[in-house]
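# Structural overview for review
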Amino acid sequence: MKKNRFRIILIVAFLALTGYFLYPTWTDSQHQDTLLGLRGEDSTKYLDDNEESIRNAREKRIKLGLDLQGGMYVTLEVNIAQMLDKIARNKDENLRQILEETTKEAAESEESILDIFKRKFAERNQRLSRYYGELRSSNDEIIAMLQDESDKAVDRAMEIIRNRIDKYGVSEVSITRSGSRRIILELPGVSNEREVRQLIQETAQLEFKLLAEPKLIQSTMDNINKLLSGSDINTLLDTASTAKADSVKGDTTKTIAAADSAKRKDSAAAPKDTALARAQKEMPFTILFSSRQFENGAVQLLAPAQNRDRINRILSRPDVRRLIPSDLQFAWSAKSQKLQTQDGNTTDFYEFYALKAEPELTGEVITDARAQMSQEGFGGAIVTMEMNTEGAREWARVTGENVGKQIAIALDDAVFSAPNVRQKIIGGNSMIEGMDNMDEARLLEIVLKAGALPAPVDIIEERTVGPSLGEDSINAGINSFLIGVGLVMFFMLIYYQYAGFTADVAVLFNMVFILGVLAAFNATLTLPGIAGMLLTVGMAVDANVLINERIREEAGTGKTLRAALDAGYSRAMPAIIDSNLTTLITCIILYQLGSGPVQGFALTLMIGILCSMYTAIVVTRVFMEVTMDTNPKLVTFG
C-alpha cells in the first residue's frame with residue numbers, strides 16, 4: 001500500500017476534480033427537469049429564485065452540439081459586389097459589366113472577389129481611381145482601401161447579427177468569421193427558419209433618439225415597483241397618466257438621486273438585512289439596478305449582467321407593459337462595462353436607457369463615418385460623422401433644440417453611445433468624443449455605417465436539426481454507447497476474470513475523466529464526439545489486453561505473480577505508447593485540417609487517448625498491486 005500511496009492520492013484527486021467539474025452539468029439537468037414540470041407563474045418564480053444557480057450551471061455544464069440538442073446552422077456571405085457598386089463614385093455600364101463578371105467568376109472560384117475585381121480592371125487597362133478613392137491613387141492603394149471597407153462590412157454584419165440574436169433570446173450562440181466574407185452562425189434550440197431569415201436579412205435600423213425626461217422614467221419605475229408589490233393596475237394607470245402630463249416639469253435628477261439616497265439612508269439607519277428586505281418589498285424593480293451620478297448631474301442606471309434577464313422578464317409582462325407610456329422605450333447598452341460592486345468584486349454591468357420612442361433621425365442620412373485619433377488637445381479616439389443635405393438640416397434643428405442633452409445612437413434598439421450635445425451643429429459634420437480607445441471608436445464607426453453602407457448578407461447554406469431529431473440523436477448515441485461499452489466490459493470480465501474487472505473499472509474511470517475534461521475546458525459534446533468516446537473505449541481495452549497477455553506469458557515461464565506483473569507492464573509499454581502516439585498524431589492532423597464534426601471527433605478522441613493511457617497504465621496497476629498485497633488469491637488472468 002505504501003508504495004502506491006502517491007498514485008492512490010493522485011487517482012482520488014483526479015476523481016474529486018472531475019466531480020467538481022461535472023457537478024454543474026448535474027445541477028443543470030436537475031433544473032431543467034424541474035422547469036419541465038412547472039407552468040406559468042410557478043416557472044417564472046422558480047427562475048427568479050434560482051436565477052444565479054441556473055446561470056452558473058448553464059455556463060459551466062458540458063455543452064451539447066447542434067446535432068444533439070437541435071438547432072440551426074447557417075452560413076452567411078456578405079455581398080461585397082453590391083457594396084462595391086454602392087460606394088462607387090461613378091456608376092456606368094463599364095463598371096456594371098465588370099461587377100457582373102466578377103460576381104460570376106467569384107461564385108465558381110476560391111479567389112478573393114477583390115483580386116478578381118482588380119484583375120478585371122487590369123485586363124481592360126483601366127484605373128480603379130475612375131470609380132473609387134483619389135484620382136492619383138494607384139490600383140493597389142485603392143484595392144487596399146476597398147479591402148478595408150470589405151473587412152468592415154463583414155464586421156458590421158457580425159455586429160448587427162450578434163445584437164439581433166442577443167435580443168432573440170438564444171443562449172450559447174456561436175458567431176464566427178470564415179474566410180474573408182463568410183459568417184458561420186450556430187443557433188442551438190432554434191428551428192423556425194422563417195424567423196431566423198427575417199432576423200438575419202432585415203435591414204439594420206440605426207436611429208438617433210433623445211433620452212426621455214428623468215421624471216417620467218422615475219414615475220414609470222415607481223409604478224412598476226408598486227405593481228410588483230401588489231398595487232392595483234387601474235390605480236397605477238391613472239397615476240401614470242398624471243405623471244406623464246407633469247413630465248415636462250421638475251428636477252428629475254433629484255428624484256432619481258432621492259431614491260438612491262433613501263436606500264442608503266435605510267441602510268445606515270437599519271440593520272443591513274432589514275434594509276434589504278424592505279427595499280426588496282417596496283422597490284422590487286428598482287433594487288435590480290445601481291445608479292451613478294456624474295458631476296453635471298446626469299444619472300446613469302446600471303444593472304449587473306445577472307439581473308438583465310430578470311428585468312427583461314418583468315418588462316415583458318403584459319400588465320407591466322400597460323404602465324410604460326407609449327412614447328417611452330427602454331433599451332440596453334450594446335456592450336457591458338466592468339465595474340466594482342459594493343463587496344469589492346468586479347462584474348459586468350449593462351447601462352439601462354429610457355429613450356423617447358420616436359427617433360429624431362435615422363441612419364439613412366449618414367454618408368460617412370470614420371474612427372481616428374484626435375489632433376486637438378490631449379488626443380484620444382474620436383469618430384467623425386458626415387450627413388447628407390437633408391440630414392444636416394434636420395441635425396442642426398435637433399442639436400440646436402437639445403444643447404446639453406444626450407442623444408442615443410441605437411442600432412436595432414441597442415444603444416452604442418449616448419453623447420452630450422455641446423452646441424448646435426450646422427453642416428452635418430459632427431465629432432463624437434469620449435471613447436476609451438480606438439477599438440471602441442472603430443465599433444461606433446461600424447455602427448454608424450450600418451445605416452450608410454448596408455452591405456447585403458446572403459444565406460448560402462442552412463441546416464436545421466429539429467429538437468426531436470436532436471433528442472433521437474442523444475438517445476441513439478447513448479444507447480449505442482452503452483451497448484458497445486457493455487459488450488466490451490462483459491467480454492473482458494469473462495475472459496480475464498479479475499484482470500478483466502480491473503480493465504472494466506479503468507474503462508469507467510476513463511469515461512468519467514473524459515467528461516470531466518470536456519466540462520473543464522467548456523468543450524462541446526457532439527454526436528461524432530460520442531463516436532470518439534466509444535473508439536476510446538476500444539483503445540483502452542486494447543491496452544489492457546496487451547498488458548494481460550504479457551503478464552500471462554511471463555507467468556507461463558515460471559515467474560512469480562509479482563514478477564510477471566512487473567514484467568508484463570514493462571514489456572507492454574512500448575506497444576501501448578506506439579499505438580496511442582500514432583493515433584494521437586492522426587487526431588492532431590484531423591483537428592487542424594478538419595472542421596465542425598471532424599474537429600469534435602478528433603478532440604474527444606485526443607482527450608480519450610490521454611485518459612485511457614493514464615487509466616490503463618496507472619489505475620489498473622494500482623488495483624492489481626493493492627489486491628495482490630491484500631488478497632493475492634483474488635488476482636487471476638483467466
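Calculation rules
Residues numbered from 1 in each chain as written. Predicted model: local features only at pLDDT ≥ 70, side-chain atom pairs only at ≥ 80, totals over all residues. Heavy atoms only, no water. Helix = DSSP H or I, 4+ residues; strand = E, 2+ residues; numbered from the N terminus. Buried < 20%, exposed > 50% of the residue type's maximum accessible area, 1.4 Å probe, protein only. Contact = heavy atoms within 4.5 Å. Areas by Shrake-Rupley, 256 points an atom, 1.4 Å probe, with all protein chains shown as cover. Phe/Tyr/Trp six-rings, centres within 6.5 Å; stacked < 30°, edge-to-face > 60°. 1 Å grid on protein atoms, 1.4 Å probe; cavity = no way out; pocket = protein on both sides within 12 Å on 5 of 7 lines; lining within 4 Å. Points joined across faces, edges and corners; volume = space filled by probe spheres on them. pLDDT = per-residue confidence, 0-100.

### Here we look at the overall build of the protein
- When helices and strands are counted, the protein shows 22 helices and 18 strands.
- The proportion of buried residues among the 638 residues of the protein is 44%.
- Intrachain contacts of the protein at a sequence separation of at least 6 include 71% that bridge at least 24 residues.
- Put simply, the protein shows about 33,100 Å² of open surface, and 54% of that area lies on carbon and sulfur atoms.

### Comments concerning unusual backbone geometry
- One non-glycine residue, N125, lies in positive phi territory at about 55 degrees.
- The topology assignment puts N125 in the loop between α7 (113–123) and α8 (139–168).
- Of note, the phi angle at Q497 is positive, near 55 degrees, even though the residue is not glycine.
- Along the polypeptide, Q497 turns up in the loop between α18 (467–496) and α19 (498–520).

### Side note on the packing of aromatic side chains
- Tallied over the entire structure, the rule returns 18 aromatic pairs.
- Residues F14 and F513 carry aromatic rings whose centres are separated by 6.0 Å and whose planes lie at 65 degrees to one another, so their mutual orientation is edge-to-face. Separated by 499 residues along the polypeptide, F14 in helix α1 (residues 5–36) and F513 in helix α19 bring together distant segments of the chain.
- Taking relative accessible area as the criterion, F513 reaches 6% and is therefore assigned buried.
- Centre to centre, the rings of Y498 and F501 are 6.0 Å apart; their planes meet at 40 degrees, and the pair counts as tilted. Here the residue Y498 and the residue F501 both occupy positions in helix α19, the gap between them amounting to three residues, near one helical turn.

### A few points about empty space enclosed by the protein
- The final tally for this structure, using the stated rule, is two cavities of 30 Å³ or more.
- Here the largest cavity defines a volume of roughly 40 Å³.
- Lining the largest cavity are I80, S112, I113, L114, Q147, S150, S180 and R181.
- Elements with a contribution of two residues or more to the lining of the largest cavity: α7 and α8.
- There is about 30 Å³ of room inside the second largest cavity.
- Those elements giving two or more residues to the lining of the second largest cavity turn out to be α20 (527–556) and α21 (561–593).
- Per element, the largest residue contribution to the lining of the second largest cavity is four residues, and it comes from α20.

### Let's talk about the confidence of the model for the protein
- Overall, the prediction assigns the protein a mean pLDDT of 80, with 88% of residues at 70 or greater.
- Summarising per-element confidence for the protein, the mean pLDDT is lowest in helix α12 (residues 252–269) (39) and highest in strand β8 (residues 328–332) (90).
- In this model, residues 247–270 is a region of pLDDT below 50 whose contacts with residues beyond four sequence positions or in other chains number 26 contacts.

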